[in-house]
Structures are given as structure tokens and as C-alpha cells.
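Structure assessment
In case you want the letters, here they are:
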Amino acid sequence: MNKFFDAYPALIGIISFLIGLVCMPIVLKIAREKHFLVKPNKRMSHTGEIPNIGGLDICFSFLITYIIFEYGSLKESQFLLIGLIVILFVGFADDILDLAPISKLLGEMLAGVAMIGFADIRLTHLHGIFGIEEIGVVCSYLLSFFVLVAIINALNLIDGVDGLASGLGILYCLFFAIWFQLAGELSWATLGYSMVGALAVFFIYNVFGGSTRKIFMGDSGSLLLGYLLTAFVFRFCTLNAYHLVPDNMICTAAPMVCICVLSVPLYDTVRVMLTRIKHKKSPFSPDKNHIHHLLLRTGLNHLQTTGVLLSVTLFFIGLALLGRNWNIWLLLGIDFVICTLLTFILWRIVDMKTKNGQQ
């Protein structure tokens, strides 16, 4: 059985999908019975009370598949599993109790200890950035924790319209899963495909669930997704830094490839935080200045907004593949210029819409 799935690891995504389909009605029932619901507020465009613990279904289907097929195959399994469970509880607590930012950050760091400290999944090499190759243990831990928090919160903040975070997650996990498979890292490929199947179920319910079956991912889902993607990024960079994969799969600009793939949430998070600081607000204060909010202000609906950002993400994935062996600064520069240009064009459209609406 395992040999069959090693030959066709993508099929494991189907199993994860089927498990998610079975679990989702149970999660919806629990959410309504225990009143795990989010009410409409000024930052939301939905009506009615919607369950907000979709991350539980994502976690159940992913972890069940993970335990069946891969637990024990990865030497880091037990600690990665602990970290995933910790980050799930942090997200769930935030969904229910609305944790303070510092409490949420401490929870993310605790989960990071399992991945970075015990599983030893971390960044150890700068790929020649500033002329630096391998880095010391202290710098490795500091950089790894910073990247972990950055990716987790970028995915958390981009979760603002139907299907966006899950759609992005599907594309990101597919990218890494396919690369890991082609590179011979079948255990890591299996993790990616398992998450794709889990996210696909949520995407269907979130986007097409209607008034009776709609469910939100919540922080339990977005933090879990960000945590797993961080593990993929660390493993991807390590394999490329030490040439542990076939030569035809090497990406010499591996860190910038990851940044390019994750351009939409990373660039948007930095832009929004700098804007808040510029206006003398806390970088963590909520507002409606994210990229999806701007697209909604142009007149697009949720599904159209998600479609636009998924299409943009596919473009950046293509750019990452094209520039995987370019000079690191060249790829980063092109990525930054394109992100800035697209944001400028979007703001111009928003301004035009606003002026026309006032006339």
C-alpha cells in the first residue's frame, strides 16, 4: 500500500479530501451547538451568524491523513505534530476568546519551539545573501522564529474574503508538494498533498456553502496553514542550500523563490503595517486597507476578488520558477517592482471609483 502511494503521492490528497467531507458536517454541528459563531460587524460584509471553526475540519482531515501515511516516516514527525496541535489550540483560543496580540504571539512562538528547537526544522544558510552562506546557531534560531511569525501572521491577515486564504493555501501547498515529489522528498510531498485535500473541502463550504453550510476558516485554520507553510519553506531552503536534491531541481535563489511565491500575503502585510505606522497607529490595529478590501472597493464581489488574487499568485509562482536560478537580488527586485506597480494601479482604480461615486 505504501509503495503504491509513494508512486502516486497526489492520491493521498484525495483521501484527505474524503476525510474532510466526512468531518465537516460534524464540525458544523458542533459549531452551532456550542455557539462557535461569528456575528456580523463593521469589518465584515456577511450577514447572519457564521461558524468560524473551519480550521478544525482542516486540521482533522490533514492530521488523520498525516498519521496514517507519514507519522514515523519523517524523523521530525512527533515534534512537528506537537507544534501543529499547539498552533491549532492557539488559533482556536483566539477564535473563541479573541486573544491579545502578545498572547497570540507567545502561542506562535511556543509552537515554533517544537518545529525549530526540537524538530530542528529551521533556516541554517543564507544562500550567499550579503555574501553569507552558513549562519551560526543563534542567528539561525532568531531568523527562523522571525520568518515563522512573519509567514503565520501574513496568512492570518490575508484571510478576509471567501476562499482567499484557502485558495492561496492550495496553490502554495501544491507548489511545494510537486517540487518535493520531483526532488524525491516523498514524505514532505505527502504533507503538502494532504493539506491540499483538507483545504479543498473547506474552500467548497466557504465559497459555495450558502446560508446553511457556510463556514469561516478562523485563526485555527489560518495559523495552522501558515505554520505548515513555514515548515515547507525551511525544508525547501535547506535542501537547496546543501544540494540535497537532483541538480535539475536545485533553486539557487531558494529564499527569494519562497518570497516570490508568497508575494501576495507578504507584500500586503508589510505595506499595511507601514501604512499604519505612517499614520501613527499600531501596526497590529485592524483596518480595511488590505489588498482584498481594496479590490472589494473597486466593485468586485468576494469570489471575483479571490479569483483576481489567485490569478496574480499563479503569475508570481511562474515568475519564481522562471527566476529560480537568477541572482537573488534580481529576482527580489523584479518581484518588489511588480508588487508595487500592481498596488499603485489598484489604488488609482479605487480613487477613480471613489471620485465617480461622489459625483
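Parameters and conventions
- Residues numbered from 1 in each chain as written.
- Predicted model: local features only at pLDDT ≥ 70, side-chain atom pairs only at ≥ 80, totals over all residues.
- Heavy atoms only, no water.
- Helix = DSSP H or I, 4+ residues; strand = E, 2+ residues; numbered from the N terminus.
- Rg over C-alpha atoms; globule rule 2.2 N^0.38 Å.
- Buried < 20%, exposed > 50% of the residue type's maximum accessible area, 1.4 Å probe, protein only.
- Contact = heavy atoms within 4.5 Å.
- Areas by Shrake-Rupley, 256 points an atom, 1.4 Å probe, with all protein chains shown as cover.
- Lys, Arg positive; Asp, Glu negative; His and termini not counted.
- Charge placed at Lys NZ, Arg CZ, Asp CG, Glu CD.
- Patch = residues over 30% accessible without salt bridge, like charges linked within 9 Å, V, L, I, M, F, W, Y side chains within 5 Å.
- Salt bridge = Lys/Arg side-chain N within 4 Å of Asp/Glu carboxyl O.
- Core = buried A, V, L, I, M, F, W, Y, C linked by side-chain atoms within 4.5 Å.
- Phe/Tyr/Trp six-rings, centres within 6.5 Å; stacked < 30°, edge-to-face > 60°.
- Lys NZ or Arg CZ within 6 Å of the ring centre and 35° of its normal.
- Polar contact = N/O pair within 3.5 Å; in protein donor to acceptor, adjacent residues only side chain to side chain.
- Axes fitted to C-alpha atoms, helices over the stretch in contact; angles between N-to-C directions.
- Left-handed = near helix turned anticlockwise from the far one by under 90°.
- Parallel < 35°, antiparallel > 145°, perpendicular 65-115°, else oblique.
- Nonpolar A, V, L, I, M, F, W, Y, C, P; charged D, E, K, R; others polar.
- Expected span 1.5 Å × (residues − 1).
- Bend = angle between axes of the 7 residues up to and from the residue.

All right, on to the overall build of the chain then. Across its full length, the chain holds 15 helices and 2 strands. Computed over its C-alpha atoms, the radius of gyration of the chain comes to 20 Å, within 12% of the 21 Å expected for a compact globule of 359 residues. Evaluated residue by residue, the chain yields a buried proportion of 54% over its 359 residues. Pairs at least 24 residues apart make up 71% of the contacts formed inside the chain by residues separated by at least 6 positions. Just so you have it, the chain exposes about 16400 Å², and 68% of that area is on carbon and sulfur atoms. Treating the 24 positive side-chain charges of the chain as one cloud and the 22 negative ones as another, the clouds have centres 11 Å apart.

Further remarks concern a nonpolar patch on the surface. A cluster of nonpolar side chains, contributed by Phe4, Tyr8, Leu11, Ile14, Leu18 and Leu21, occupies part of the molecular surface with about 550 Å² of accessible area. In terms of residue count, the dominant contributor to the nonpolar patch is helix H2 (residues 11-33) (4 residues). Relative to the helices and strands, leucine 11 is located in helix H2. Classification of leucine 11 by relative accessible area gives partly exposed; the value is 31%.

Once that is clear, we can look at the nonpolar core. Met195, Tyr227 and Phe236 are the most contacted members of the largest nonpolar core, which totals 105 residues. The element that contributes the greatest number of residues to this core is helix H8 (residues 186-208), accounting for 14 residues. Residues within four places of methionine 195 in sequence aside, it is in contact with Ile58, Phe62, Cys173, Leu224, Leu225 and Leu228.

Counted according to the given criterion, the structure contains 17 aromatic pairs. Ring centres 5.9 Å apart and planes at 40 degrees place the aromatic pair phenylalanine 180 and tryptophan 188 in the tilted group. Accessibility assignment for this pair places phenylalanine 180 and tryptophan 188 in one class, buried. Lying over the aromatic face of tyrosine 141, arginine 122 brings its terminal NZ or CZ to 4.9 Å of the ring centre.

At histidine 35, a position not held by glycine, the phi torsion is positive, near 60 degrees. Residue placement: histidine 35 occurs in the loop between H2 and strand S1 (37-38). In this structure, phenylalanine 130 takes a positive phi of about 60 degrees despite not being glycine. Tracing the chain through its elements places phenylalanine 130 in the loop between helix H5 (101-118) and helix H6 (137-158).

Turning our attention to the side chain of serine 61. Topologically, serine 61 is positioned in helix H3 (residues 54-69). Sequence-distant contacts of serine 61, defined by excluding residues within four places in its chain, comprise Ser16, Ile19, Gly20 and Ala198.

Next up on the list: the environment of aspartate 95. Looking at the secondary structure, you find aspartate 95 in helix H4 (residues 77-97). Residue aspartate 95 is classed as buried on the basis of its relative accessible area of 17%. With 43 residues separating them along the chain, aspartate 95 and asparagine 52 place their C-alpha atoms 7.1 Å apart. Not counting chain neighbours up to four residues away, the residues in contact with aspartate 95 comprise Asn52, Gly218, Asp219 and Ser220. A polar side-chain atom of aspartate 95 sits 3.1 Å from the main-chain amide nitrogen of serine 220.

For the pair H5 and helix H10 (residues 218-241), interaxial distance at closest approach is 12 Å and the crossing angle is 35 degrees. Read as a crossing pair, H5 and H10 show a hand that is right-handed. Side by side, H5 and H10 meet where Lys104, Glu108, Ala111, Gly112, Ala114, Met115 and Ile116 of the first sit next to Asp219, Leu223, Tyr227, Thr230, Ala231 and Phe234 of the second.

Further remarks concern the packing of H5 against H6. In the contact formed by H5 and H6, the axes pass within 10 Å of each other and the chain directions differ by 125 degrees. Taken together, H5 and H6 sit at an angle that is classed as oblique. In the packing of H5 onto H6, the handedness of the crossing is right-handed. Counting all contacts with H5, which are made through Lys104, Leu105, Glu108, Met109, Gly112, Val113, Met115, Ile116 and Gly117, the residues of H6 involved are Tyr141, Ser144, Phe145, Leu148, Val149, Ile152, Asn153 and Asn156. Per-class residue counts for the contact of H5 with H6 are 10 nonpolar, 5 polar and 2 charged.

Relative to the assigned elements, isoleucine 129 resides in the loop between H5 and H6. With 101 residues separating them along the chain, isoleucine 129 and threonine 230 place their C-alpha atoms 20 Å apart. The contact partners of isoleucine 129, leaving out residues within four places of it in the chain, are Pro255, Met256, Ile328 and Trp329.

Given a rise of 1.5 Å per residue, 23 residues ought to cover 33 Å, and the 34 Å separating the end C-alpha atoms of H2 matches this to within 8%. Of all the bends in H2, the greatest reaches close to 35 degrees and is centred on cysteine 23; the proline proline 25 follows between one and four positions later. Taken as a whole, H2 has its buried residues at Ile12, Gly13, Ser16, Ile19, Gly20, Cys23, Met24, Val27, Leu28 and Ala31. Just downstream of H2 lies histidine 35, where phi reads positive at about 60 degrees.

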